[in-house]
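Structural features, examined
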Amino acid sequence: MSGGEVAGILVAVFWAILVSFLAVVLVRLAQILRAATKLVADVTEQAVPLLADASATVRSAQTQLDRVDAIASDVQEVTSNASALSTTVASTFGGPLIKVAAFGYGVRRAIGRKTPPEPPRTVIVGRTLPSARRGRKKD
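Residues numbered from 1 in each chain as written. Predicted model: local features only at pLDDT ≥ 70, side-chain atom pairs only at ≥ 80, totals over all residues. Heavy atoms only, no water.

Right, let's get into the overall build of the protein chain. Secondary structure summary: the protein chain contains two helices and zero strands in total. By the burial criterion, 0% of the 139 residues in the protein chain qualify as buried. In the structure as shown, the protein chain presents an accessible area of about 13000 Å², 67% of it carried by carbon and sulfur atoms. (Helix = DSSP H or I, 4+ residues; strand = E, 2+ residues; numbered from the N terminus. Buried < 20%, exposed > 50% of the residue type's maximum accessible area, 1.4 Å probe, protein only. Areas by Shrake-Rupley, 256 points an atom, 1.4 Å probe, with all protein chains shown as cover.)

Set out below in structure tokens:
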């Protein structure tokens, strides 16, 4: 064997090792791609129903919000009607009721003045008056 033949055999062996290494790498890459494809398919299978459920939930929430909006507008209308009614009642009955109350107060005061006033009391500091002793028991 000559030096050229040995060099050719070495190149062929290295070439075979390199091709074997690349074949192993390509097989592993194919396995990874198959696993990734399966993972994407599984995620898609689970994501589509979840998105459908989320869409249904959003539609339901929108329906409920529309109902709440209608209720809020009805409450606002009732509030404004109650306010108008309160204003009407106050303007209709408020003035006459105030006049009747003032008249009643004046009558009570006038009747109260007809009774004779009580005599003023005399207060003596430090002394007990005989009327205060009447309620006591003697020991």
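Having put the structure on the table, let's press on.
Following the UniProt record, one finds the feature "transmembrane region" (unreviewed entry) at residues 6-29. Secondary structure across residues 6-29 divides into 100% helix and 0% strand, with the first and last C-alpha atoms of the span separated by 34 Å. (UniProt positions renumbered as here; feature names shortened; annotations may be inferred.)

What follows covers a nonpolar patch on the surface. Together, Met1, Val6, Ile9, Leu10, Val13, Phe14 and Ile17 give the surface a local cluster of nonpolar side chains, amounting to about 720 Å² of exposed area. Position of Ile9 relative to the elements: it lies in helix H1 (residues 3-114). The partly exposed category is assigned to Ile9, whose relative accessible area is 45%. (Patch = residues over 30% accessible without salt bridge, like charges linked within 9 Å, V, L, I, M, F, W, Y side chains within 5 Å. Salt bridge = Lys/Arg side-chain N within 4 Å of Asp/Glu carboxyl O.)

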